[in-house]
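Residue-level structure breakdown
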Amino acid sequence: YRELLPASGFGLRLHHHGFITYDEERYVSLRDAYAARGRDVVIDGLSPSSGNRYFYADTRAELGHYTEYIFATEAGRRGYEAIPQNQA
């Protein structure tokens, strides 16, 4: 998380925006679309406690930060219920 901060002195930067989907096919299609465009996926992981899958796409050149996508399982959904969210 520190690579966006200045080498010295104080810095405050947005690291990433996160988006949740409960549709695994949608998650896979997003992941594949980034790869097909030659975009770097810098983190691709699995949360052992919830089973959630996630990846960080490198969108720093366009947006100035990473973009995270999460496929949330039912257990993961319950975990996110306590976190404030913007929902469209």
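Calculation rules
Residues numbered from 1 in each chain as written. Predicted model: local features only at pLDDT ≥ 70, side-chain atom pairs only at ≥ 80, totals over all residues. Heavy atoms only, no water. Helix = DSSP H or I, 4+ residues; strand = E, 2+ residues; numbered from the N terminus. Buried < 20%, exposed > 50% of the residue type's maximum accessible area, 1.4 Å probe, protein only. Contact = heavy atoms within 4.5 Å. Areas by Shrake-Rupley, 256 points an atom, 1.4 Å probe, with all protein chains shown as cover. Phe/Tyr/Trp six-rings, centres within 6.5 Å; stacked < 30°, edge-to-face > 60°. Lys NZ or Arg CZ within 6 Å of the ring centre and 35° of its normal. Expected span 1.5 Å × (residues − 1). Arc of directions from axis to C-beta. Polar contact = N/O pair within 3.5 Å; in protein donor to acceptor, adjacent residues only side chain to side chain. Pairing = 2+ DSSP bridges. Axes fitted to C-alpha atoms, helices over the stretch in contact; angles between N-to-C directions.

1. Brief notes about the overall build of the chain
- In terms of helices and strands, the chain carries 3 helices and 4 strands.
- Walking the chain from its N terminus toward its C terminus, one meets helices and strands in the order β-α-β-β-α-β-α.
- Considered along the principal axes of its C-alpha atoms, the chain spans approximately 40 × 35 × 30 Å.
- Within the chain, the proportion of its 88 residues that are buried is 30%.
- Relative to all contacts within the chain whose residues are 6 or more apart in sequence, the contacts with residues 24 or more apart total 45%.
- About 6300 Å² of surface is accessible on the chain, with carbon and sulfur atoms providing 51% of the total.

2. Regarding the packing of aromatic side chains
- Summed over all chains, the structure comprises 7 aromatic pairs.
- Taking the centre distance of 6.4 Å and the plane angle of 55 degrees together, the rings of Tyr 56 and Tyr 66 count as tilted. Taken together, the residues span a long stretch of sequence, with Tyr 56 in strand β3 (residues 53-57) and Tyr 66 in strand β4 (residues 66-71) at a distance of 10 residues.
- The exposure class assigned to Tyr 56 is buried, which follows from its relative accessible area of 5%.
- If you follow Arg 31 out to its NZ or CZ, it ends over the ring of Phe 55, 5.8 Å from the centre.
- The ring centre of Tyr 34 lies 4.9 Å from the NZ or CZ of Arg 37, which sits over that ring.

3. Considering helix α1 (residues 24-36)
- With 13 residues, α1 should cover 18 Å at 1.5 Å per step; its first-to-last C-alpha distance of 18 Å lies within 8% of that length.
- Of the residues making up α1, those classed as buried are Tyr 27, Leu 30 and Tyr 34. In an axial view of α1, the angular spread of the buried residues amounts to 65 degrees, which keeps them on one side of the axis. What points out from α1, more than 90 degrees from its buried face, is the exposed set Glu 25 and Ala 36.
- On its buried face, α1 is in contact with β1 (16-21), β2 (41-46), β3 and β4.
- Sitting at the head of α1, Asp 23 places a side-chain oxygen 2.9 Å from the backbone nitrogen of Glu 25.
- Downstream of α1 by one or two residues, Gly 38 has phi in the positive range, about 75 degrees.

4. Brief notes about the sheet that holds β3
- Overall, mixed pairing links the 4 strands, which are arranged β1-β4-β3-β2 in an open sheet. Where the open sheet ends on each side, the last strands, each with one partner, are β1 and β2. The sheet shows a mean angle of 15 degrees between the axes of neighbouring strands, direction not considered.
- Note that β2 and β3 share 5 bridges and pair antiparallel. Bridging from a neighbouring strand, Leu 46 pairs with Arg 53 of β3.
- In the packing of α1 onto the sheet, contacts are made with β1, β2, β3 and β4, and the angle to β3 comes to roughly 25 degrees.

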